[in-house]
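# Survey of secondary and tertiary structure
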Amino acid sequence: TSLRATAVILVIYGLFRAVGRFFLYHLSSLVQQAFLRTQRERLLHYMFHNFSSISPSEGISIFTEIITQSGIFVYYCSQLVIILTTAFFLSLMGLKLAFWEMLTGILFLSALLIPIRILSRRIGAYGKEITSQWEKTNKTVIFGFKNFFFIKLHGLINQEVERGSKTLTEYEENYKKY
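Residues numbered from 1 in each chain as written. Predicted model: local features only at pLDDT ≥ 70, side-chain atom pairs only at ≥ 80, totals over all residues. Heavy atoms only, no water.

### Topic: the overall build of the chain
A count of helices and strands for the chain gives six helices and zero strands. For the chain, the sequential pattern of α-helices and β-strands runs α-α-α-α-α-α. In summary, the chain has a C-alpha radius of gyration of 25 Å against a globular reference of 16 Å for 178 residues, an excess of more than 25%. Along the first, second and third principal axes, the C-alpha set of the chain runs to 85 × 35 × 25 Å. Relative to its 178 residues, the chain shows a buried fraction of 18%. As displayed, the chain has an accessible area near 13,700 Å², and 70% of this comes from carbon and sulfur atoms. Both charge centroids of the chain, one from 19 positive and one from 11 negative side chains, sit 9 Å from each other. (Helix = DSSP H or I, 4+ residues; strand = E, 2+ residues; numbered from the N terminus. Rg over C-alpha atoms; globule rule 2.2 N^0.38 Å. Buried < 20%, exposed > 50% of the residue type's maximum accessible area, 1.4 Å probe, protein only. Areas by Shrake-Rupley, 256 points an atom, 1.4 Å probe, with all protein chains shown as cover. Lys, Arg positive; Asp, Glu negative; His and termini not counted. Charge placed at Lys NZ, Arg CZ, Asp CG, Glu CD.)

Written out as structure tokens, the structure is:
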């Protein structure tokens, strides 16, 4: 009977895990898309009602890169809520079934927190640098489109292309570090 009970517990755990994965990915994606739509609608409203307070390159940068990155952050936050809830209930079950083993595992994982925090700070710094490089690239492209006739007339096309390529290369380098 203990083999049968163990098999039933494993099947139930598998079902809960499948449902948890569904909530983890599907609901997080729904939350992210709702966030992206809402923020882009707000930005459009703001840009068209306060036209002189924001430059086109800033508006496009916010609309594409910043809101997208913020949406990714919201996605991970919603995943975090689901993961923490699952981990809480799993920990309770683990403490009930195998107290000392679970306690040893928790202590081992706690030792990994310091390296993870150091890595997290480093990733955050690279993320800020990526955003900065993307804004520079956007400004170069918008400037080129807005002033194409002037740039062509004065023979500055190659300089603008080089400047755009340089910002894209810097963006890529920072992304690789990220």
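### Some details on the pattern of salt bridges
Under the defined criterion, the tally for this structure stands at one salt bridge. Where Glu41 meets Arg37, a salt bridge forms, and the shortest distance between an N and an O atom there is 3.1 Å. On the criterion of helical spacing, the pair formed by Glu41 and Arg37 is a turn pair, its members being four residues apart in helix 1 (residues 2-49). Here Glu41 falls in the partly exposed class, since its relative accessible area comes to 43%. (Salt bridge = Lys/Arg side-chain N within 4 Å of Asp/Glu carboxyl O.)

### Observations concerning the packing of aromatic side chains
How two aromatic rings sit relative to each other is set out by the distance from centre to centre and by the angle between their planes. In the structure shown here, the tally under the stated rule is three aromatic pairs. On the numbers, 5.4 Å between centres and 70° between planes, the contact of Tyr75 with Tyr76 is edge-to-face. The exposure class assigned to Tyr75 is buried, which follows from its relative accessible area of 14%. Consider the rings of Phe88 and Phe89, whose centres lie 5.3 Å apart with planes at 70°: the pair is edge-to-face. On the accessibility criterion, Phe88 (48% relative accessible area) is partly exposed. The exposed category is assigned to Phe89, whose relative accessible area is 53%. (Phe/Tyr/Trp six-rings, centres within 6.5 Å; stacked < 30°, edge-to-face > 60°.)

### Let's talk about the confidence of the model for the chain
On average, residues of the chain score 82 in pLDDT, and 96% of them reach the 70 mark or higher. Predicted confidence in the chain is weakest over helix 5 (residues 148-153), with a mean pLDDT of 72, and strongest over helix 3 (residues 99-111), with 87. (pLDDT = per-residue confidence, 0-100.)

### Regarding helix 3
Taking 1.5 Å as the rise per residue, helix 3 with 13 residues should run 18 Å; its terminal C-alpha atoms sit 19 Å apart, in good agreement. The buried fraction of helix 3 amounts to zero of the 13 residues, a small share that puts the element mostly on the outside. (Expected span 1.5 Å × (residues − 1).)

### Thoughts on the nonpolar core
Counting five residues, the largest nonpolar core is built from Leu36, Leu43, Met47, Ile54 and Ile67. At three residues, the largest contribution of residues to this core is made by helix 1. Sequence-distant contacts of Met47, that is, excluding residues within four places in its chain, are made with Ile54 and Gly59. (Core = buried A, V, L, I, M, F, W, Y, C linked by side-chain atoms within 4.5 Å. Contact = heavy atoms within 4.5 Å.)

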